[in-house]
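Structural overview for review
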Amino acid sequence: MTESPDPRLSWDEYFMSITRLVAQRATCLRRKVGAILVRDKRIISTGYNGAPSRISHCLEVGCLREARGVPSGERHELCRGLHAEQNAIIQAALSGVSVEGASLYCTNQPCAICSKMLINARIVGIAYGEGYADTLAVALLAEAGIPVRRIG
């Protein structure tokens, strides 16, 4: 009897599917981003991009960046929202869960600001779905020795 291949999703497919689902909670008008932190094949935290708790989000008050004509990838400080990666780290901290040694799955490649946070949080690998024009982020992660790979 021949054994058939495992019909289940691969771990990468599984985690990226969940990451895309998490992104659907995002309140950003420009781009919906989801992130999950995984250690030992277990999700330890999730995050999506949007305004901090108790702050009106862009779906309610409009996009500050759009109103000011700020191009994507520039002037991150001119935004009401936090990035998905930042929210995943914050949610873990609020629950008292260390993210050291975890891998990040994200719908988009992290920006330079998030990359610096991920480096200091001791994330050990990053998998993302879509690119993001931030060469500094790529250089920082490479210098820190964190493997980054694009997956579907």
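Residues numbered from 1 in each chain as written. Predicted model: local features only at pLDDT ≥ 70, side-chain atom pairs only at ≥ 80, totals over all residues. Heavy atoms only, no water.

1. Overview of the environment of Phe15
Inspection of the secondary structure assignment puts Phe15 in helix 1 (residues 11-23). Spatially, the C-alpha atoms of Phe15 and Cys106 are 9.1 Å apart, while their sequence positions differ by 91 residues. Each residue touching Phe15, except ones within four places of it in the same chain, is listed here: Ile36, Val38, Lys41, Arg42, Ile43 and Tyr105. (Helix = DSSP H or I, 4+ residues; strand = E, 2+ residues; numbered from the N terminus. Contact = heavy atoms within 4.5 Å.)

2. A closer look at the pattern of salt bridges
Across all of its chains, the model carries five salt bridges by this definition. The partner of Arg149 in a salt bridge is Asp12, with the nearest N and O atoms 2.6 Å apart. Placement of the pair is Arg149 in strand 5 (residues 148-150) and Asp12 in helix 1, with a sequence separation of 137 residues. Residue classification places Asp12 among the partly exposed residues on the basis of a relative accessible area of 22%. (Salt bridge = Lys/Arg side-chain N within 4 Å of Asp/Glu carboxyl O. Buried < 20%, exposed > 50% of the residue type's maximum accessible area, 1.4 Å probe, protein only.)

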